[in-house]
Amino acid sequence: MAGDAISNSNVLVCVVGCCYKADDWPLLKENLTTLSKKRGHFKLAVTKMVQRACQMVPEVTDKAKKLELIEILRKVTEGKIYVENERARITKTLAEIYEKDDELEKAAKILQELQVETFGSMEKKEKVEFILEQMRLCYQTKDYIRTSIISKKISTKYFDSKDTDELKMRYYRQMIDLNLHHKDYLAVSKNYHEIYTTPAVKENDAQWKEALQRVVIFLILSEYDNEQRDMLARVKADSNLSKIPYYQNVLTCFDTAELLNWSILKEVYSSHLKSKAGQATTPLDTEDNWEVLRKRVVEHNIRVIAKYYTRISLSHFASLLHLELKEAEDMLCKQVVKGTVTAKIDRLDGIVNFTKPRDTEEILNSWSGNLNSVMTLIGNCNHLITKERMVHQVN
């Protein structure tokens, strides 16, 4: 059968099929090993044989025999690029068996062996499904760093293509869990915004409203920086925000350069931002997140004070923030360290100075500008005096 790939394939498939029907597992194992190593066989023939053996796995009811068949298939396909897809699928089946037996670490470890992103013959959709499964198992085993590394193997541009809504939702749901663990609220807000922009979610009023509400909540919980300001501006410009007025109002509060009273804000919005009976839970159902929101309100007020004041007494500063003197000072110091505001505290006089110190180059430029202005005025005065003298001499 030299040169006859089709007949070669049929013979190999027939051999493993006969062994399976005869329930002769030792012979099946021996033939799979021997035939896969024989030099005269075509790669196509070996591929067909492995594919036929893979089809047997779901049909086997005995767990021990199934595991034995999977292991021999993994050995047979090891290091062979032309059967890499079959090896990946059979490994995923093995991971599912381990997971059912509550051996999550074993399942995660065995699935991590697959570098499916390098498989040239595997479809993009199947690759994404494999990587999502790797992410899920790593997260469940609390291997958060590896989960973050694996997540970067998926290009989010893939979700712009058709029929990817389900995979997109799965991916961003897992990213939300991961970012919540790291308490990266801005990243969580962005993840929910991606879910919100998904066509399947846009078609369902309840789903897009829930997604947009969470975008707003996590956005106001995130720390202030340029990225957060940009995200806030984009969300505020969304026309759908007007359909959830309480969330629009609370977002406007953080976008307006006015002092916020924490007690009043919590009293007005707590009943609307918390979940009601029969509804899905919201991030602000926990007291920890309310404490984070209180800190964001204080930070907002510090930025507002820094905008309108150059100097203020420490006692008045604390009263505007509705905080004790020590807590107000601590919060201000944290904002200075982060670089959000520029301030110096004179504890002897009890004064906070928000004036930004000028560097040497800026001071010299200012002096140079002032000197130029003075010389220009002197030149104008000299010109006017000369003009008056000439007029006086003529007269």
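The shown structure was predicted, so the numbers you read here are calculated from the model rather than taken from an experiment. (Residues numbered from 1 in each chain as written. Predicted model: local features only at pLDDT ≥ 70, side-chain atom pairs only at ≥ 80, totals over all residues. Heavy atoms only, no water.)

Considering the overall build of the chain
Logical step 1: Counting its regular elements, the chain contains 19 helices and three strands.
Logical step 2: Radius of gyration (C-alpha) of the chain: 34 Å, far over the 21 Å computed for a compact globule of 395 residues.
Logical step 3: Projecting the C-alpha coordinates of the chain onto the three principal axes gives extents of approximately 130 × 65 × 45 Å.
Logical step 4: The burial tally for the chain puts 40% of its 395 residues in the buried class. (Helix = DSSP H or I, 4+ residues; strand = E, 2+ residues; numbered from the N terminus. Rg over C-alpha atoms; globule rule 2.2 N^0.38 Å. Buried < 20%, exposed > 50% of the residue type's maximum accessible area, 1.4 Å probe, protein only.)

Examining unusual backbone geometry
Logical step 1: Phi angles above zero are rare outside glycine, and Lys183 is one such case at about 55°.
Logical step 2: Following the sequence through the fold, Lys183 ends up in the loop between α9 (165-181) and α10 (185-196).
Logical step 3: According to the relative accessible area criterion, Lys183 is exposed, its value standing at 60%.

Some points on the packing of helix α7 (residues 124-140) against α9
Logical step 1: Viewed as axis vectors pointing N to C, α7 and α9 meet at an angle of 25°, and their least axial separation amounts to 11 Å. Comparing their axes, α9 and α7 come out roughly parallel. You can see that α7 and α9 cross each other, and the crossing is left-handed. Contact with α7, carried on its side by Lys125, Val128, Glu129, Leu132, Glu133, Met135, Arg136 and Tyr139, involves Leu167, Arg170, Tyr171, Gln174, Met175, Asp177 and Leu178 of α9 and no other residues of that element.
Logical step 2: When the residues that make up the contact of α7 with α9 are grouped by side-chain class, the tally is eight nonpolar, one polar and six charged. (Axes fitted to C-alpha atoms, helices over the stretch in contact; angles between N-to-C directions. Parallel < 35°, antiparallel > 145°, perpendicular 65-115°, else oblique. Left-handed = near helix turned anticlockwise from the far one by under 90°. Contact = heavy atoms within 4.5 Å. Nonpolar A, V, L, I, M, F, W, Y, C, P; charged D, E, K, R; others polar.)

Focus on empty space enclosed by the protein
Logical step 1: According to the stated counting rule, one finds two cavities of 30 Å³ or more in the structure shown.
Logical step 2: Considering only enclosed or pocket space, the largest cavity measures out at about 90 Å³ in volume.
Logical step 3: Among the elements of the structure, α12 (205-221), α13 (226-236) and α16 (287-308) are those that each provide at least two residues to the lining of the largest cavity.
Logical step 4: When residues of the lining of the largest cavity are assigned to their parent elements, the largest contribution, four residues, is made by α16.
Logical step 5: In this structure, the second largest cavity encloses a volume near 40 Å³.
Logical step 6: Taken together, Trp25, Leu28, Lys29, Leu32, Glu68, Leu69 and Ile72 make up the lining of the second largest cavity. (1 Å grid on protein atoms, 1.4 Å probe; cavity = no way out; pocket = protein on both sides within 12 Å on 5 of 7 lines; lining within 4 Å. Points joined across faces, edges and corners; volume = space filled by probe spheres on them.)

Quick notes on the nonpolar core
Logical step 1: Grouped together as the largest cluster of nonpolar side chains are 92 residues, with contacts concentrated most on Leu32, Leu69 and Leu73.
Logical step 2: Sorting elements by how many residues they give to this core places α12 first, with 10 residues.
Logical step 3: Residues in contact with Leu69, not counting those within four places in the same chain, are Trp25, Leu28, Leu32, Ala53, Met56, Val57 and Val60. (Core = buried A, V, L, I, M, F, W, Y, C linked by side-chain atoms within 4.5 Å.)

Details of the sheet that holds strand β3 (residues 351-353)
Logical step 1: Across the sheet, which stays open at both edges, the three strands sit in the order β1-β3-β2 with antiparallel pairing between neighbours. On the outer flanks of this sheet lie β1 (311-313) and β2 (344-346), each paired with one strand and no other. Strand-to-strand, the axes of this sheet are offset by a mean angle of 25°, without reference to chain direction.
Logical step 2: Relative to β3, β1 runs antiparallel, the two sharing three bridges. Across the sheet, residue Arg311 finds its bridge partner in β3, namely Asn353. (Pairing = 2+ DSSP bridges.)

Some thoughts on helix α5 (residues 84-100)
The α-helix winds at 3.6 residues per turn, so residues separated by three or four positions along the chain end up facing the same way.
Logical step 1: Given a rise of 1.5 Å per residue, 17 residues ought to cover 24 Å, and the 25 Å separating the end C-alpha atoms of α5 matches this to within 8%.
Logical step 2: Where α5 is concerned, the buried positions are Glu84, Asn85, Glu86, Arg87, Ala88, Ile90, Thr91, Leu94, Ala95, Ile97 and Tyr98.
Logical step 3: Close packing links the buried residues of α5 with α3 (43-56), α4 (63-77), α6 (104-112) and α7.
Logical step 4: Positive phi appears at Asp102, one or two residues downstream of α5, with a value of about 60°. (Expected span 1.5 Å × (residues − 1).)

Considering the pattern of salt bridges
Logical step 1: Following the criterion strictly, the structure yields 23 salt bridges and no others.
Logical step 2: Here Glu291 ties to Arg294 by a salt bridge, and the two come within 2.9 Å at their closest N and O atoms. You can see Glu291 and its partner Arg294 sitting in helix α16, three residues apart, about one turn around the helix.
Logical step 3: The salt bridge involving Arg347 is made with Glu329; its shortest N-O contact spans 2.2 Å. Here Glu329 lies in helix α18 (residues 325-338) and Arg347 lies in the loop between β2 and β3, a separation of 18 residues in the sequence.
Logical step 4: If you follow the salt bridges from partner to partner, you end up with Glu223, Arg296, Glu299 and Lys338 in one network. (Salt bridge = Lys/Arg side-chain N within 4 Å of Asp/Glu carboxyl O.)

Here we look at the environment of Val268
Logical step 1: Along the chain, the position of Val268 falls in helix α15 (residues 262-273).
Logical step 2: Judged by its relative accessible area of 39%, Val268 falls in the partly exposed class.
Logical step 3: Along the chain, Val268 and Val250 lie 18 residues apart, while their C-alpha atoms are 9.9 Å from each other.

So, the side chain of Arg74
Logical step 1: Take Arg74: it is sitting in helix α4.
Logical step 2: Owing to a relative accessible area of 11%, Arg74 belongs among the buried residues under this scheme.
Logical step 3: Apart from the residues lying within four places of it in its own chain, the contact partners of Arg74 are Arg87, Ile90, Thr91, Leu94, Ile110 and Glu113.

Quick word on α12
Logical step 1: Taking 1.5 Å per residue, 17 residues should reach 24 Å; α12 reaches 24 Å between its end C-alpha atoms and fits that length.
Logical step 2: When we look at burial in α12, the residues that qualify are Trp208, Ala211, Leu212, Arg214, Val215, Val216, Ile217, Phe218, Leu219, Ile220 and Leu221.

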